[in-house]
Amino acid sequence: MAKVAFIGLGVMGYPMAGHLKVKGGHEVAVYNRTFAKAEKWAAEFGGAAFRTPAEATKDADFVFTCVGNDDDLRAVTTGKDGVFDGMKPGAILIDNTTASAEVARELDAAARERGFAFIDAPVSGGQAGAENGVLTVMCGGDEATFATAKPIIDAYSRMIGLMGPAGAGQLTKMVNQICIAGLVQGLAEGVHFGKKAGLDMEAVIDVISKGAAGSWQMENRHKTMITGKYDFGFAIDWMRKDLDIVLSEARRNGAKLPVTALVDQFYGDVQEMGGNRWDTSSLLARLERK
């Protein structure tokens, strides 16, 4: 059993912290910007709720952060009453936020200066993956820190990989989002075409999902796409935040991402349709709008 602090109890962090307590068997302290949410978590799982990140982090061996973006991450780490004000020397900060590689390297350097260790560890698998404890975790950091942290991360994951030094986890998550963006647009176009052609799309998907066209998105989203329901996963607002990070990094490293940039614009169209909280498969709604 380890002493763990978890900072950020959103749709991902709330169940992830729960797995650390229940499946991992760790002593868990939590902080959330809305204190009532932290109190609710503590009542449900039997941990302790605190009013600042620094208080939650005191004496923790491992500190997890899972917040919205780079600015949120800086606020809860190096900001006033942030985790760096409470962490003890030798503790490990594991950041599950999807953020930039730049802020990951920044926090790694700041942690080293203070005698802490840092791993950027963005996740894939969505809310369902977090709730079921089967997330894929992409890590950046040194091998010794990763080896120490991996058994703790195991509590909410199905796959964990060390991708390279600090920032490599975030870069790997960017590759993940690039692949998903093009895939979902292709699936949306395929479903749209099939419906226009008068095909029974359930029958079509049943066949092609067993071949080279098959994917997680096809298997898990085709039924709701066919029926025009888009409240089942990763929201458009979140995807556009991620793609903004991707496209910013591409401008820095010179990568050419024409399809990703185009799909990002398509997601902007869905937002204009009022679909900010629809899941990413709602690209189909854009094609079917009257």
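Just above sits the structure.
From a predicted model like this one, the values you see are computed outputs, not experimental measurements.

Participant: Residues and numbers for the packing of aromatic side chains, please.
Facilitator: For the coordinates displayed, the defined rule picks out 7 aromatic pairs. A ring pair is formed by phenylalanine 6 and phenylalanine 64, whose centres lie 5.7 Å apart and whose planes are at 10°; its orientation type is stacked. Here phenylalanine 6, found in strand 1 (residues 3-7), pairs with phenylalanine 64, found in strand 4 (residues 62-65); they are 58 residues apart in sequence, far enough to count as distant. Neither phenylalanine 6 nor phenylalanine 64 differs from the other in exposure class; each is buried. Ring centres of tyrosine 230 and tryptophan 278 lie 5.9 Å apart, and the angle between their planes is 35°; on these two criteria the pair is classed as tilted. Remark: tryptophan 278 occurs in the loop between helix 12 (258-272) and helix 13 (283-288) and tyrosine 230 occurs in the loop between helix 10 (216-226) and helix 11 (236-253); sequence separation between them is 48 residues. You can call tyrosine 230 buried: its relative accessible area is 9%. According to the relative accessible area criterion, tryptophan 278 is partly exposed, its value standing at 28%. Members of the aromatic cluster, joined through ring pairs, are Phe6, Phe64 and Tyr156. We note arginine 51 situated over the ring of phenylalanine 35; from NZ or CZ to the ring centre the distance is 3.9 Å.

Calculation rules
- Residues numbered from 1 in each chain as written.
- Predicted model: local features only at pLDDT ≥ 70, side-chain atom pairs only at ≥ 80, totals over all residues.
- Heavy atoms only, no water.
- Phe/Tyr/Trp six-rings, centres within 6.5 Å; stacked < 30°, edge-to-face > 60°.
- Helix = DSSP H or I, 4+ residues; strand = E, 2+ residues; numbered from the N terminus.
- Buried < 20%, exposed > 50% of the residue type's maximum accessible area, 1.4 Å probe, protein only.
- Lys NZ or Arg CZ within 6 Å of the ring centre and 35° of its normal.

Note that all results are geometric; they support no functional claim without further evidence.
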